[in-house]
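Commentary on secondary and tertiary structure
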Amino acid sequence: MELGIDFHQFTYPGLSDGLKEAGFSRVYDIAHLLDPERLNHPTWWKIALLRAMRRSVAVRRVMLTFWPETELVAIK
């Protein structure tokens, strides 16, 4: 890791917006990376939650604020 940035100091919306301001064209979060149909332990509420996160930006931001880890993929 060249930059040595501690991303734990950022909230999800701040980190995502910061990456877009830094010139990344696309930022994918956990809602984009997980396939609801291919979860290790699928339950009806996990599948429903991921689908709701994909449909609504507001639901996604609230859920990712409380998600245990921040996983983002940024593409230049």
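If you're wondering where the values come from, they're calculated on a predicted model, not measured in any experiment.

Moving on, we get to the confidence of the model for the protein chain. On average, the protein chain scores 79 in pLDDT, and the residues at 70 or more come to 83%. Across the protein chain, element-level confidence peaks in helix α3 (residues 44–55) with a mean pLDDT of 90 and bottoms out in helix α1 (residues 12–21) with 78.

Moving on, we come to the packing of aromatic side chains. Within this structure, the stated rule accounts for zero aromatic pairs. If you follow lysine 76 out to its NZ or CZ, it ends over the ring of phenylalanine 24, 4.9 Å from the centre.

In this structure, Ile30, Ala31, Leu39, Ile47, Leu50, Met53 and Leu64 together form the largest nonpolar core, which totals seven residues. Broken down by secondary-structure element, the contributors of at least two residues to this core are α2 (30–33) and α3. It is α3 that contributes the most residues to this core, three residues altogether. Once residues within four sequence positions are removed from consideration, isoleucine 47 is found in contact with Pro36, Glu37, Leu39 and Pro42.

Attention now moves to the pattern of salt bridges. Taken as a whole and assessed by the stated rule, the structure comprises four salt bridges. Put simply, arginine 38 and aspartate 35 hold a salt bridge, and the shortest N to O gap is 4.0 Å. Residue arginine 38 is classed as exposed on the basis of its relative accessible area, which comes to 70%. Since its relative accessible area comes to 33%, aspartate 35 is described here as partly exposed. Taking the shortest distance from any N to any O, the salt bridge between arginine 51 and glutamate 37 comes out at 2.2 Å. Note that arginine 51 is positioned in helix α3 and glutamate 37 in the loop between α2 and α3, a separation of 14 residues in sequence. Here glutamate 37 falls in the exposed class, since its relative accessible area comes to 51%.

Rules used throughout
Residues numbered from 1 in each chain as written. Predicted model: local features only at pLDDT ≥ 70, side-chain atom pairs only at ≥ 80, totals over all residues. Heavy atoms only, no water. pLDDT = per-residue confidence, 0-100. Helix = DSSP H or I, 4+ residues; strand = E, 2+ residues; numbered from the N terminus. Phe/Tyr/Trp six-rings, centres within 6.5 Å; stacked < 30°, edge-to-face > 60°. Lys NZ or Arg CZ within 6 Å of the ring centre and 35° of its normal. Core = buried A, V, L, I, M, F, W, Y, C linked by side-chain atoms within 4.5 Å. Buried < 20%, exposed > 50% of the residue type's maximum accessible area, 1.4 Å probe, protein only. Contact = heavy atoms within 4.5 Å. Salt bridge = Lys/Arg side-chain N within 4 Å of Asp/Glu carboxyl O.

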